[in-house]
Structure formats: structure tokens, C-alpha cells
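Next come the chains, spelled out residue by residue.
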Amino acid sequence: MKNSIKALAAALAATMMAGSCCNNSSDSVTLKVTREMECDVLVVGGGAAGIGAAICSARHGAKTILAERNGCLGGMATSGLVAPFMSSTTPDGQTLLIRGVFEELVDRMIAQGGAIHPLDAKIGTWTAFRDKGHHGLGTFDYECLKRTTEQMCVEAGVDLMYHLLFVKADKKGDKITAAYFATKDGIWKIKAKNYIDCTGDGDIAAEVGVPYVYGDGEGGVQAVSVFFTVRGVDGKAMARHNEDCIRRGDYEGQWYMNEIKAAREAGEFPSWRNKIALFENLDGSYTVNMAQSDDVDGLDPKQVTDAEVEGRAQIDKIVKFLRKYVKGCENCTLDATADQLGVRETRRIEAVYTVTTEDAKNSVSYPDPIFCCANHMDIHRKGYVEYVARNTNDPFYIPYRALLPVGISNLLVAGRCAGAERPVMAAIRVIPPCFAMGQAAGTAAAISVADGVCPQNIDSQKLISTLRADGVYLPQ
Ligand SMILES: Cc1cc2nc3c(=O)[nH]c(=O)nc-3n(C[C@H](O)[C@H](O)[C@H](O)COP(=O)(O)OP(=O)(O)OC[C@H]3O[C@@H](n4cnc5c(N)ncnc54)[C@H](O)[C@@H]3O)c2cc1C
């Protein structure tokens, strides 16, 4: 019995071996490795975190590959049509907290007319939430983000590889020895000294057995959304309506809540969102975040597909609602729907240090801070959004150890799957902090290669001083 189990394990281990042939059975498949590559640092996932990680790893001398399943960079910020950059400033809007590679990107985009600076986005404008909570919502152009991040990667020497879906990793002891990708060309194998998981879902970490928490730990996850853009909105009319409502103290009117209620009663509003959520873009179009579904597992392709289909059906009705009920939107038309479902949460890995809600509330100090931010915590629960303001202008810090998964010595994790309690992740999962996490992970991975020590053993003071030298705001 033992021997036959051994034989089965050996057969399974042989799957995906270079040059192996195609032995298919009902529950396993052996595929041929058609290409092999090596690098110092392999970043998987080209969203905000992966972009920051790859650029900074390459800039610090590591031979870096960035593997991404889509045909562009940006992840949620481009393929998901998610915009604007959520706040990257102190709550009073006076100090930019997320700097470094994020600020550099924003400055390059501004020079092309593709972004406004977060410090120029003030409460009371359509580019920022209108009445409370959010200075610094930096509007940006999706195409400019795609193009500029590609240019920054290429200039840094990152080897970009699109259309690679990570599917498997080999592990020896506490080290990953290779990653495998499904491609049109068969299976590609990439070996690296260090791996950075920026998939948003912690795909590599989960594959190599890092413990994680899924959503609320009881199977529940935040709502998913399909973002879309519309054209033909009369922004001036909406701004006038908005100002009138603020003057009258008419909160419900300001957010068109009565119109939504009336439309819902008439069977003409399909989503549970109870407030209008339109964000003005630089080219006069508006990004809309109002199509929403619950109980969708972002790791299950069929559920994701169904939610995308449902989202686009909702969008058709929401555009009709906007035209019929919302002053200023009478002539709006659908411009584009996102290619990719907006998944707010799946896995959060168990890290060497898990940032707690109390840590964030109390702005706790750490010996190894990598960036600070001041985002509020918004959890999109079934039927409503729970919004927890921190009620202080003080930022909170994220330590390097939150990027280090337990049990694997040559893996870092950055982005919305890093090591933080759920409410903290609800604050730091927005785009600017993801860039900051990526910058820290990429810099650390390169230092690790240069110094010949694993990421967990790098000199954290060297990491901090390197991040500071690269423009990261770390006053602590
Ligand atoms: C509905 C919604 C609304 C939001 N609103 C805002 C907002 O207004 N402002 C804001 O700043 N933030 C907002 N956010 C949060 C923000 O968009 C994301 O949390 C953030 O962009 C995550 O960045 P990331 O790099 O961790 O992941 P992603 O942007 O998800 O990037 C992950 C990348 O990895 C790739 N990938 C995944 N798996 C694999 C694999 N196995 N192999 C290869 N590649 C893979 C993906 O294609 C993707 O490019 C919102 C998010 C959602 C879902």
C-alpha cells in the first residue's frame, strides 16, 4: 500500500517535467515544458503591486521577469477599469504619503495629460468624493497608465512577459525552485532566486502551502463589481445639483438616493448600491462603480464568468436608469465595460507579522516600516458598505514582515493578498498602497540577491534607507 502511494506521488511529481510526454488520466495531466528561463527575481502579476515590485527589483540590479496573464499592465487599474487612485494623502489632503515609484508614475502621467496630482484633488469636486472623507482621489487615464508603466518597466530593464498564467510551483525544503505557466505555447518554466507573488489572490503562496485566510475566514467575501465608463454626462448640471443639495443639507438628494429608491421600486434599478458613484475622468467620460454582486468566489472561473455576465446585464439597466432618473445624465451613453471582474478580496496570506486593526487605529511603530498611509477602511458587505473612518490625521505604517509569508524563505507577497487583518486590508488594498508594497518587495528581493541572504534575513535598516533614497515617505 505504502509503495503504491509512493509510486502515485512519483507519477504526480513527474507532471510538468521538461520533455515529458502526454500521459492523461481523468484527474491529472502531464504537459510538456516548451521553454525554460532563469532570472534573479520573478514577479508574478502586473497590477499596481507587481509593477512597483518589478521596476524596483530591476532598478536595484536584479535580473527581473514580470509574468502577467493579461496583455497589459495595471491589473484592476486598467483591465478592471477601477479608478480613480484612492487617496494617497493625509486625510486633511495636505501631505502626500504614498510617494516613491507611485509619485514618479503620477508625475510622468501628468506630463502627458494623463493624471491629476492627488494633492490637487480636493473634497467637493467630482474627482474626489463630494462631501466627506476623501481628499486626494487622483483621476487618471487608463491608457496612459498602461503605456507609462510599460515604459517604466522597459527602461528599468524588466523582462515583460504577458499571456503567462501561473499554475504551479516546485518547492524544495522551504524554497521555491521553479514556477510553471500555462501559455499558448505549452508550459513555460521560470526559475528564480526570489519570487514575488503579486497575483492579488496569493496564487503562488497558496500553491506552495503558505497558510492563508479567505475573506472573513468563514467563507464570506466582499462584493464584486464590474466597473464601466459612460460619456455624455453634463458634469456642470450634476455639480450644480450637488452644490444645491449640500447647501440644503440634503444628503439623500446629493447622492441621488431617492431616485435609486424610486427606480428600484419600479424594477428599474438592478444593483443593491443605494448611492450614485460616478467619477469624472480627464477626457470628460465618467467611471461608474454601481454594478455589484454578492457571494462570488474570485478564485472560481465559472463564478467569475457568471458575475461578469450578471454585471454587464446590470450595467445596461443602470445606464437606462441614469438617463431616465438622474439630472445631468439624460444623454449619457455606455462607453466601455471592464474586461475583468472587480474582485475586492480572496486570500490574505499568513505573514511573519500580520498587521492588526488595532495597530492601524493606533498608528503603531515598527522597527521595519516600509510605507505609511491613512486610508479609511471600507468593507463592501452584502447590501451595504461599512465605512470605518480612522478619525485622525496621523498615518499608519506597514512593516516589511507583512510581505513575508511564513514557511517559504524565497517568496514575498505584495498587494491585496499581503499579511493584514481584514479591516486593514480593506484600507491598504487600494491602488497607491499596492504600489508602495510592490516597491518594498521588489527592493527587498533585489537586496536579498545582491547580499546573498534570503529576503527574511536582509538588513531591514538597509531596506528602509534604500526606500527613503528612492523617494518613499518614511518620517518614522
Ligand atoms: C470593485 C473595486 C473597486 C475598487 N475601487 C478602487 C478605487 O476607486 N481606487 C483605488 O485606488 N482602488 C480601488 N480598488 C482596489 C484596487 O483596485 C485593487 O485592490 C488593487 O488594484 C490591487 O492591486 P494588486 O496589484 O494587488 O492586484 P491586481 O490589480 O488585481 O493585479 C493582479 C495582477 O495579477 C495578474 N494575475 C492574477 N493571477 C495570475 C496568475 N495566476 N498568473 C499570472 N498573472 C496573474 C492579474 O491579471 C493582474 O494583472 C477597488 C477594487 C475593486 C475590486
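Structure first, text after, so check above.
Rules of the game
- Residues numbered from 1 in each chain as written.
- Predicted model: local features only at pLDDT ≥ 70, side-chain atom pairs only at ≥ 80, totals over all residues.
- Helix = DSSP H or I, 4+ residues; strand = E, 2+ residues; numbered from the N terminus.
- Rg over C-alpha atoms; globule rule 2.2 N^0.38 Å.
- Contact = placed C-beta atoms within 7 Å.
- Pairing = 2+ DSSP bridges.
- Axes fitted to C-alpha atoms, helices over the stretch in contact; angles between N-to-C directions.
- Near = placed C-beta within 6 Å.
- Nonpolar A, V, L, I, M, F, W, Y, C, P; charged D, E, K, R; others polar.
- Core = buried A, V, L, I, M, F, W, Y, C linked by C-beta atoms within 7 Å.
- Buried ≥ 20, exposed ≤ 12 C-beta atoms within 10 Å, placed from the backbone.

What exactly am I supposed to notice about the overall build of the protein chain here?
Of the regular secondary structure elements, the protein chain holds 13 helices and 19 strands. Whereas a compact globule of 476 residues would reach a radius of gyration of roughly 23 Å, the protein chain reaches 23 Å, a difference of no more than 12%. For the protein chain, the spread of C-alpha atoms along the three principal axes comes to 75 × 50 × 40 Å. By sequence separation, contacts in the protein chain at least 24 residues apart represent 73% of the contacts at least 6 residues apart.

Could you clarify how one ought to interpret the sheet that holds strand 9 (residues 228-231) in this entry?
Across a sheet, strands are paired by hydrogen bonds formed along the backbone, either parallel or antiparallel in direction. In space, the four strands of this open sheet follow the order 10-11-9-13, with antiparallel pairing throughout. Where the open sheet ends on each side, the last strands, each with one partner, are strand 10 (278-280) and strand 13 (333-337). On average, each strand axis in the sheet is tilted by 30° relative to the strand beside it, whichever way the strands run. Bridge analysis of strand 9 against strand 13 gives four bridges, and the strand direction is antiparallel. Opposite Val230, over in strand 13, you have Leu334 as the bridge partner. Contacts from helix 9 (residues 301-325) reach strand 9 and strand 13 within the one sheet, and its direction differs from that of strand 13 by about 155°.

Before we go on, may I ask you to explain the site of the ligand in this structure?
Neighbouring the ligand are 36 residues, the closest being Gly45, Gly47, Gly75, Gly342 and Gly415. Mapped onto the shell around the ligand, the elements with two or more residues apiece are helix 2 (48-59), strand 2 (64-68), strand 4 (165-172) and helix 12 (431-451). Take the shell around the ligand: its biggest share by element is three residues, from helix 2. Split by residue class, the shell around the ligand holds 17 nonpolar, twelve polar and seven charged.

Even after reading the chapter, I still don't get unusual backbone geometry, so can you show me in this structure?
Generally, phi is negative for residues other than glycine and the peptide bonds are trans, each holding for most cases. Note the cis peptide between Ala83 and Pro84, where omega equals -5°. Among the secondary structure elements, Pro84 is positioned in the loop between strand 2 and helix 3 (100-111).

What should I look at first to understand the nonpolar core in this one?
Of all hydrophobic cores here, the largest spans 142 residues; its most connected members are Leu42, Ala179, Leu403 and Ala414. The residues touching Ala414, leaving out its near neighbours within four places in the chain, are Ala49, Ala53, Ile196, Cys198, Leu403, Met437, Gly438 and Ala441.

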